[in-house]
Amino acid sequence: MQTQNYLNGQWVGGGEPIDVVNPATGESIAKVASVSREQVRKALDDSQAAFEGWRSLPAKARADYLLAIADNLNKRSDEVARLMTMENGKPLGQSKGEVAGSVDHLRWFAEECRRAYGRIIPNQVAGKRHLVIKSPVGVVGAIAPWNFPLILSVRKVAPAMAAGCPTILKPASQTPLCNIAFAECVHDAKLPKGVFQLINGSASMIGDELLKNPICKKITFTGSTEVGKKLIQGAAHDVKKLSLELGGHAPVIVFDDADLDRAVRGVLDAKFRNTGQSCIAANRIYVQAGIYDRFVAAFVEKTKALKTGNGLEDEQDVGPVVNEKGLQFALDQIKDAKKRGAKVLAGGKRQGNKGFFLEPTVLGEVPDDACCMIEETFAPVAPIVKFRTEDEAIKKANNSPFGLSAYAFTTNLDRMFRVAEKLEAGTIGINDGVPSTSNAPFGGMKQSGWGRELGSEGLESFLETKHVSIGVVE
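From a predicted model like this one, the values you see are computed outputs, not experimental measurements. (Residues numbered from 1 in each chain as written. Predicted model: local features only at pLDDT ≥ 70, side-chain atom pairs only at ≥ 80, totals over all residues. Heavy atoms only, no water.)

Novice: Go over helix α7 (residues 203–212) with me, naming the residues and quoting the values.
Specialist: When α7 is considered as a whole, its buried residues turn out to be M205, I206, G207, E209, L210 and L211. Looking at the buried positions of α7, the neighbouring elements they touch are α1 (37–56), β7 (139–143), β8 (167–170), β10 (216–222) and α8 (225–235). (Buried < 20%, exposed > 50% of the residue type's maximum accessible area, 1.4 Å probe, protein only. Helix = DSSP H or I, 4+ residues; strand = E, 2+ residues; numbered from the N terminus. Contact = heavy atoms within 4.5 Å.)

Here you go:
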């Protein structure tokens, strides 16, 4: 496969190669060409040149291109999933699910781009007419993370292109291979030159050029809150548009009246899917006193039964953490929790001496001041805390600067609505550990971000709204 950048319809080499490492083995599996700043500027120029032709295409024609890309990706799903597992580490079954979700995103926005509706507003002055019309914002820079390397790229690229915006994608340096395969799918769909481009290289350099170059009208980013704040500062100079999906620290509340089996399964999914390396992963698990002992016993039993290993081997449940730094951060959080009085109920140690594996870990009796209760944990570490009243649980759950997602398990219908209304998060799963879907909005509150992806809101975020007032012509 290609290991170059996709620029204006061609595969182009670059400067210093980027080493791609398999986190299950610690070994290099590929070297990918990086771009220079001049190449980024040229990519922006080419995107701008493609803008007028792309925005002028009927929505149905843009939709057909997206559907062709989706079909190409679907045909290569096994190959792309294997690449993803090799560079990211997640179990192969989860990689296949991510490819399928990416295909669904493309198909959703292929349909949704036909529905970028405006409206006619009743006039208040005789003879006037008021129209609301939508137009694409312009060239978009998309910056994607490594934890869901393909689907979080596609949920930026697909709506931007559907709206009529040429898009330049910068994937994470740890996981460029599945995105290069995606670029091949775009190329094979014969998309007009400059409408989609792929650049690999220095995040700081590329981000700085996207911020300072007036051709780039919007940046859409998924990553840490720390980097998101830097983008906000940089965007202030030209008041550049931003969509930001930032850090999370998702609480889970398990009430006494919850279906125990369903709650255990749901929290396992919310915590250990993608090796816990998810912005919407369960980070703080609050369990009501009446069900606490039974829940912990069942959850620990299920956690100990999880299979951890190389995602390409057998049917693994949990893969490696992405790198040595991430592994050490998780081990430090476990050490801190133990120091403050928490009990290790399962796991707690590095697994093996090859790759970056951590035993799926459950911590009990975790105090509120433990680092894992304050800082986002990007690893398979599950801290569990007992609570007594609903108000106490809501207060603890909302006691965070983050508000990306939250979860609750209960069979009480009134409580479902009360909790959903009170929890401060953009996505809330009620008896559901995997709530994201193509046709519903996704995004955060508080320091977890600006704007929404997916759903009809995902298309709207790449459109400008214009009011056209037509006066009386005598």
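Novice: Give a detailed account of empty space enclosed by the protein, specifying residues and quantitative values.
Specialist: Tallied over the entire structure, the rule returns three cavities of 30 Å³ or more. What the largest cavity holds in volume is close to 80 Å³. Of all elements in the fold, only β12 (250–254), α12 (390–398), β17 (402–403) and β18 (405–409) reach the threshold of two or more residues within the lining of the largest cavity. For the lining of the largest cavity, the residue count by class is eight nonpolar, five polar and three charged. Here the second largest cavity defines a volume of roughly 50 Å³. For the second largest cavity, the full set of lining residues is T220, F221, S243, L244, E245, F442, G443, W450, G451, R452 and E453. When residues of the lining of the second largest cavity are traced back to their parent elements, those giving at least two are β10 and β11 (241–245). Sorting elements by how many residues they give to the lining of the second largest cavity places β11 first, with three residues. (1 Å grid on protein atoms, 1.4 Å probe; cavity = no way out; pocket = protein on both sides within 12 Å on 5 of 7 lines; lining within 4 Å. Points joined across faces, edges and corners; volume = space filled by probe spheres on them. Nonpolar A, V, L, I, M, F, W, Y, C, P; charged D, E, K, R; others polar.)

Novice: Break down the sheet that holds strand β13 (residues 282–288) for me, with residues and values.
Specialist: The seven strands are arranged β14-β15-β16-β13-β12-β18-β19 in an open sheet whose pairing can be described as mixed. Edge positions in the sheet fall to β14 (343–346) and β19 (427–430), since each has one partner strand and no second. Direction aside, the axes of adjacent strands within the sheet are offset by 25° on average. (Pairing = 2+ DSSP bridges. Axes fitted to C-alpha atoms, helices over the stretch in contact; angles between N-to-C directions.)

Novice: Got a sec to walk through the state of the cysteines? Specific residues and values, please.
Specialist: Overall, the coordinates contain zero disulfides when judged by the stated rule. Unpaired in terms of disulfides, C113 finds its nearest cysteine sulfur in C165, a separation of 12 Å. Residue C113 is classed as buried on the basis of its relative accessible area, which comes to 3%. C371 takes part in no disulfide bond, and the closest cysteine sulfur, belonging to C372, lies 7.6 Å away. (Disulfide = S-S within 2.5 Å.)

Novice: Which residues make up the nonpolar core, and what values go with them?
Specialist: Judged by nonpolar contacts, the single largest core of 85 residues is most densely connected at F182, F196, V254, F295 and F299. A per-element tally of this core places helix α6 (residues 177–188) first, with eight residues. Residues in contact with F182, not counting those within four places in the same chain, are I69, L73, L106, L150, V154, V157 and F196. Within the second largest apolar cluster, 28 residues are counted, among which are V321, F356, V366 and A397. (Core = buried A, V, L, I, M, F, W, Y, C linked by side-chain atoms within 4.5 Å.)

Novice: Kindly report on the side chain of S47, identifying the contributing residues and their values.
Specialist: Mapped onto the elements of the fold, S47 is located in helix α1. According to the relative accessible area criterion, S47 is buried, its value standing at 0%. At a separation of 3.4 Å, a polar atom in the side chain of S47 contacts the main-chain carbonyl oxygen of G194. Residues contacting S47, with those up to four places away along its chain left out, are V139, P166, I168, G194 and Q197. (Polar contact = N/O pair within 3.5 Å; in protein donor to acceptor, adjacent residues only side chain to side chain.)

Novice: Describe the pattern of salt bridges, with residues and values.
Specialist: Throughout the structure, instances matching the rule amount to 26 salt bridges. A salt bridge links R37 to D208; the shortest N-O distance between them is 2.7 Å. One end of the pair, R37, is in helix α1; the other, D208, is in helix α7, with 171 residues separating them in the sequence. Taking the relative accessible area as the measure of exposure, R37 reaches 21% and is therefore partly exposed. What makes D208 partly exposed here is its relative accessible area of 23%. As a salt-bridge pair, K60 and D64 come within 3.4 Å of each other at their nearest N and O atoms. Taken together, the residues span about one helical turn, with K60 and D64 both in helix α2 (residues 59–75) at a distance of four residues. (Salt bridge = Lys/Arg side-chain N within 4 Å of Asp/Glu carboxyl O.)

Novice: Would you mind going over the layout of surface pockets in detail, with residue names and values included?
Specialist: Estimated volume of the largest pocket: approximately 1300 Å³. Those elements that place two or more of their residues in the lining of the largest pocket are α7, β10, α8 and α11 (324–339). For the lining of the largest pocket, the element with the highest residue contribution is α8, accounting for six residues. Across the lining of the largest pocket, the residue classes tally to 17 nonpolar, 13 polar and eight charged. Roughly 420 Å³ of internal volume is contained in the second largest pocket. What lines the second largest pocket is a set of 25 residues, among which F148, I151, R155, R273 and S436 lie closest to the centre.

Novice: Help me get a handle on the sheet that holds strand β22 (residues 463–470), residues and values and all.
Specialist: Strand pairs in the sheet, formed through backbone hydrogen bonds, run parallel or antiparallel to each other. Strand order in the open sheet made by the three strands is β5-β6-β22, with antiparallel pairing throughout. At either end of the open sheet lies a strand with only one pairing partner, and these are β5 (119–121) and β22. Strand-to-strand twist across the sheet, computed as the mean angle between neighbouring axes with direction ignored, equals 25°. The pairing of β5 with strand β6 (residues 129–136) spans three bridges and is antiparallel. Opposite I121, over in β6, you have H130 as the bridge partner.

Novice: Give a detailed account of the packing of aromatic side chains, specifying residues and quantitative values.
Specialist: One pass over the structure, following the stated rule, counts eight aromatic pairs. One aromatic cluster is present, formed by Y6, W11, F182 and F196 through successive ring pairs. The ring centre of F442 lies 5.0 Å from the NZ or CZ of R155, which sits over that ring. A cation over a ring is seen here: K218 above F462, with NZ or CZ 4.7 Å from the ring centre. (Phe/Tyr/Trp six-rings, centres within 6.5 Å; stacked < 30°, edge-to-face > 60°. Lys NZ or Arg CZ within 6 Å of the ring centre and 35° of its normal.)

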